[in-house]
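Here is how the chains run, residue by residue.
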Amino acid sequence: MTDLIAEFKALRLYGMASGYAELLQNISSVEVQQTEWLLRHLIQAEQTDRGLRSIRYQMHAARFPMHRDLAGFEFEQSKVDRRQIEQFATTAFTDCAENIVLIGGTGTGKTHLATALGVQAITRHGKRVRFFSTIDLVNQLEQEKATGKPGRLAHQLMHLDLLILDELGYVPFSQAGGALLFHLLSKLYEHTSVVITTNLVFAEWANVFFDAKLTTALLDRLTHHCHIVETGNDSYRFRQSRGQAKARIKSREQSKEAAGKEVIDEPF
């Protein structure tokens, strides 16, 4: 029965733990068994409800632009290693504050994979995750500094298990913004895991941060404990839309052929 009291305390139901301990002293063993069954059922219901509420809250707090999961990613259409991605989905890399950089062209599934890993981290492993478009994060950092309140956002992000920065390099930002992003990532170094999606190889990052020395220092920290995943340059979305377009054209041609055949076969 002491384990039941421990479960009450784990749920921070200290009054119930104390009350149950007193109750045990005044009821028979048969009544204890009946009571324990009921209480365990209620504890399980409470734990399930708290777990679901926590997931809903964390999914809302993560601010994903859309819901994506690994089941919806067509690995056969991508050059990424499915086994490697599934290993990332265990979130073991966050336990060591390791990073992931997804590098590839537009439409190769980088954002899908990053989002799916974030969703998996919340729903399966109870991790705290936040998704940002990189330019939006830089804008927030610049606004924070302009209002004389620097450091607040960094403090919040340091309490995460995983930060996702999407589309680094797609939209340019100022040199001051690049410096602020550098300082943020430096604070997260070996503390919070970061997943970055980008269409730029590392040699091109200096074009984003405008400072070769700063970029070198950033890459030194970011890639110290890092997994590099190349998604290729052949757009999956383009190939998919091209295939759909070909299918529509073929269907129209078949319809025209069928219609022409009906006219020919029509008796006079």
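Provided above is the structure to which this section pertains.
For clarity, every value in this text was computed on a predicted model and none was experimentally measured. (Residues numbered from 1 in each chain as written. Predicted model: local features only at pLDDT ≥ 70, side-chain atom pairs only at ≥ 80, totals over all residues. Heavy atoms only, no water.)

**Description of a nonpolar patch on the surface**
Worth spelling out the cut-off: Each patch is built from salt-bridge-free residues with over 30% relative accessible area, joining like charges within 9 Å and nonpolar side chains (Val, Leu, Ile, Met, Phe, Trp, Tyr) within 5 Å. Areas reported here follow the Shrake-Rupley algorithm with a probe of radius 1.4 Å; residue values treat only the protein chains shown as occluding. For this analysis, a salt bridge means a side-chain nitrogen from Lys or Arg found within 4 Å of a carboxyl oxygen belonging to Asp or Glu. In DSSP terms, a helix is any run of H or I states spanning at least four residues, a strand is any run of E spanning at least two, and both are numbered starting from the N terminus.
On the surface, W37, L38 and L42 cluster together into a nonpolar patch covering about 360 Å² of accessible area. Locating W37 in the fold gives a position in helix 3 (residues 29-62).

**Some remarks on helix 6 (residues 110-125)**
As a reminder, the rule being used: One less than the residue count of a helix, multiplied by 1.5 Å, gives the span that helix is expected to have. Exposure classes here rest on a 1.4 Å probe applied to the protein chains alone. A residue is buried below 20% of its type maximum, exposed above 50%, and partly exposed in between.
The terminal C-alpha atoms of helix 6, which comprises 16 residues, lie 22 Å apart, in line with the 22 Å expected from a rise of 1.5 Å per residue. Listing the buried residues of helix 6 in full gives K110, H112, L113, A114, T115, A116, L117, G118, V119, A121 and I122. Among the residues trailing helix 6, G126 stands out with phi positive, at a value near 65°.

**Notes on the packing of helix 2 (residues 14-24) against helix 3**
Inclusion rule: Only C-alpha atoms enter the line fits that serve as axes; for helices the fit covers just the stretch in contact. Angles between N-to-C directions range over 0 to 180 degrees. For classification, angles of less than 35 degrees are called roughly parallel, those exceeding 145 degrees roughly antiparallel, those between 65 and 115 degrees roughly perpendicular, and all remaining angles oblique. Throughout, a crossing is termed right-handed when the near helix is turned clockwise from the far one, and left-handed when it is turned anticlockwise from it by less than a right angle. It only takes one pair of heavy atoms within 4.5 Å for two residues to be counted as in contact. Gly falls in the polar group here, along with every residue not listed as nonpolar (Ala, Val, Leu, Ile, Met, Phe, Trp, Tyr, Cys, Pro) or charged (Asp, Glu, Lys, Arg).
At a minimum axis distance of 11 Å, the contact between helix 2 and helix 3 shows a crossing angle of 160°. One finds that helix 2 runs roughly antiparallel with respect to helix 3. Note that helix 2 runs across helix 3; the crossing there is left-handed. Along the contact surface, helix 2 presents Y20, L23 and L24, while helix 3 presents V32, T35, E36 and L39. Residue composition of the contact of helix 2 with helix 3, by class: 5 nonpolar, 1 polar and 1 charged.

**A look at the pairing of strand 3 (residues 162-168)**
Our working rule: A strand pair is defined by DSSP finding two or more bridges across the two strands.
Counting buried positions along strand 3 yields 6 of 7 residues, so the element is predominantly enclosed. Pairing between strand 2 (residues 129-133) and strand 3: 5 bridges, direction parallel. Bridging across to strand 3, V129 finds its partner in L162. Judged from the 5 bridges that link them, strand 3 and strand 4 (residues 193-198) form a sheet pairing that is parallel. When the bridges of strand 4 are listed, L165 appears paired with I196.

**Focus on the sheet that holds strand 2**
By definition, the strands of a sheet pair up through backbone hydrogen bonds, in either a parallel or an antiparallel sense. What the 5 strands build is an open sheet, ordered 2-3-4-1-5; its pairing is parallel. Sheet topology places strand 2 and strand 5 (226-232) at the edges, where each strand pairs with a single neighbour. The mean angle between the axes of side-by-side strands here comes to 15°, regardless of whether they run parallel or antiparallel. Of the pairings in the sheet, the one linking strand 1 (residues 99-104) to strand 5 comprises 6 bridges and is parallel in character. Among the inter-strand pairings, V101 is bridged to a residue of strand 5, identified as I228. On top of the sheet, helix 6 reaches strand 1, strand 2, strand 3, strand 4 and strand 5; it is set at about 155° to strand 1, its chief contact.

**So, the pattern of salt bridges**
Inspection of the entire model under this criterion finds 10 salt bridges. Of the charged contacts, one joins R83 and D81 as a salt bridge, the two residues approaching to 3.8 Å between their closest N and O atoms. Residue D81 is classed as partly exposed on the basis of its relative accessible area of 36%. K127 is the partner of D95 in a salt bridge, and the nearest nitrogen-oxygen pair spans 3.1 Å. Note that D95 is positioned in helix 5 (residues 92-95) and K127 in the loop between helix 6 and strand 2, a separation of 32 residues in sequence. Among the charged side chains, a network of salt bridges with common partners joins D3, E7, E36 and R40.

**Remarks on the pairing of strand 1**
Among the 6 residues that make up strand 1, 6 are buried, leaving the element largely enclosed by the rest of the structure. Judged by which residues are buried, strand 1 turns out to be covered on both faces: N99, V101 and I103 on one side and I100, L102 and G104 on the other are all buried. Strand direction decides the pairing type here: strand 1 and strand 4, joined by 4 bridges, are parallel. Looking at the pairing, L102 lines up with T197 of strand 4.

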